[in-house]
Structure formats: structure tokens, C-alpha cells
Amino acid sequence: MDQDPGFIAAVEEAKKGAAEGGVPIGAALVSKDGQILGRGHNMRAQNGSAILHAEMSALENSGRLPASAYEGATMYTTLSPCDMCTGACLLYKVKRVIIGENKNFVGGEDYLHARGREVVVLDNKECKHLMEKFIKEKPGLWNEDISV
Ligand SMILES: [Zn+2]
């Protein structure tokens with residue numbers, strides 16, 4: 001799954017976020033037939049946004065879609081999704097969430113399981129490294145992201 005186009009897109013997005021001086025988390029929403037519906041990265045610092053986490057950016061960049069477009073969809077994200085993003089995945093009935101890593105943060109994985117969603121954690125080295133470096137360099141920005 002490390003080689004899935006959706007995951008590769010999510011990691012590319014995370015790196016874009018890092019290059020912009022933002023929170024290096026990326027995501028991509030992929031339809032059941034493998035089409036990338038939308039991709040994006042955390043834009044809190046860049047846009048002064050309270051809600052544009054990576055998964056929210058991917059959903060936003062997917063645009064307005066009928067419920068059928070999300071059927072069987074997968075959300076790829078480089079970091080375990082927070083409560084807000086977990087809720088958005090549940091709202092849009094995303095079937096599967098594939099997570100780059102959950103060593104630096106664990107979000108709503110148990111809740112996703114409890115609601116019948118498939119959750120896969122890849123424990124990806126590159127994702128872990130991006131977050132470790134960021135948390136060390138910008139702890140204040142990171143704490144804002146997870147409301148600490
Ligand atoms: Zn989030």
C-alpha cells in the first residue's frame with residue numbers, strides 16, 4: 001500500500017506542506033475505482049485556517065460530490081486522523097482509512113473501527129521522519145493543530 005498512487009499523492013502533499021513552512025501532513029481521497037477525487041495538505045499556517053487539516057483539504061479539493069461518489073472510497077493520510085477528520089470521513093461514509101503513521105499522534109482510529117471502517121496503519125518511515133522533524137522544529141504550531 002506504500003506504493004498505492006493515493007498514498008504516494010498523500011506523501012507528496014505532506015512534503016509540499018513542509019516546503020511551505022506548514023504542518024507536513026498530506027492526504028488523498030480515492031474512489032472505489034482508483035480515481036483520485038482530491039488531494040491536499042494541511043493549510044492551517046498557510047491560510048490561517050482553523051479547519052484545513054490534510055484530510056479536510058483533500059475533501060475540500062474534491063469539491064461538492066453526490067454521496068455515491070464516496071461509496072467505497074479510501075482516505076489516505078500521512079498521519080493518524082484527528083477527531084475532526086475522523087468525523088468528516090464518517091460523515092462522507094469513506095470506507096477505508098490508510099494511515100502513514102501513528103507514532104507521533106493517534107487520532108480516532110478506535111472510533112473508525114467501532115463504526116465499521118477499515119483502518120490500515122503503514123508505519124511508514126518517511127511519514128514518521130517528516131512529523132518528528134516538524135514537531136521538534138515547530139512545537140507551538142503542532143500543538144495548535146491538535147488543540148493542546
Ligand atoms: Zn484532522
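Residues numbered from 1 in each chain as written. Predicted model: local features only at pLDDT ≥ 70, side-chain atom pairs only at ≥ 80, totals over all residues.

With that settled, the discussion passes to the nonpolar core. Ranked by internal contacts, the top residues of the largest apolar core, which has 37 residues, are Ala 10, Ala 28, Leu 29 and Tyr 76. The dominant element in this core, judged by the number of residues it contributes, is helix α1 (residues 5-19), at six residues. (Core = buried A, V, L, I, M, F, W, Y, C linked by C-beta atoms within 7 Å. Buried ≥ 20, exposed ≤ 12 C-beta atoms within 10 Å, placed from the backbone. Helix = DSSP H or I, 4+ residues; strand = E, 2+ residues; numbered from the N terminus.)

Our focus in this paragraph is the packing of α1 against helix α7 (residues 125-137). Between α1 and α7, the shortest axis-to-axis distance is 11 Å and the interhelical angle comes to 20°. Comparing their axes, α7 and α1 come out roughly parallel. In this structure, α1 crosses over α7, and the sense of that crossing is left-handed. Across the interface between the two elements, Val 11, Ala 14 and Ala 18 from α1 touch Glu 126, Cys 127, Leu 130 and Phe 134 from α7. Residue classes in the contact of α1 with α7 are distributed as six nonpolar, no polar and one charged. (Axes fitted to C-alpha atoms, helices over the stretch in contact; angles between N-to-C directions. Parallel < 35°, antiparallel > 145°, perpendicular 65-115°, else oblique. Left-handed = near helix turned anticlockwise from the far one by under 90°. Contact = placed C-beta atoms within 7 Å. Nonpolar A, V, L, I, M, F, W, Y, C, P; charged D, E, K, R; others polar.)

Spatially, five strands are ordered β2-β1-β3-β4-β5 in an open sheet, and the strand pairing comes out mixed. The open sheet has two free edges, formed respectively by β2 (36-41) and β5 (118-121), since each of these has just one partner strand. Pairwise comparison of adjacent strand axes, ignoring direction, gives a mean angle of 15° for this sheet. Here strand β1 (residues 26-30) runs beside β2; their pairing, made up of five bridges, is antiparallel. Each residue of the ladder has a partner; that of Val 30, found in β2, is Ile 36. Where α1 meets the sheet, its contacts fall on β1, β2, β3 (74-77) and β4 (96-99), and the angle it forms with β1 comes to roughly 150°. (Pairing = 2+ DSSP bridges.)

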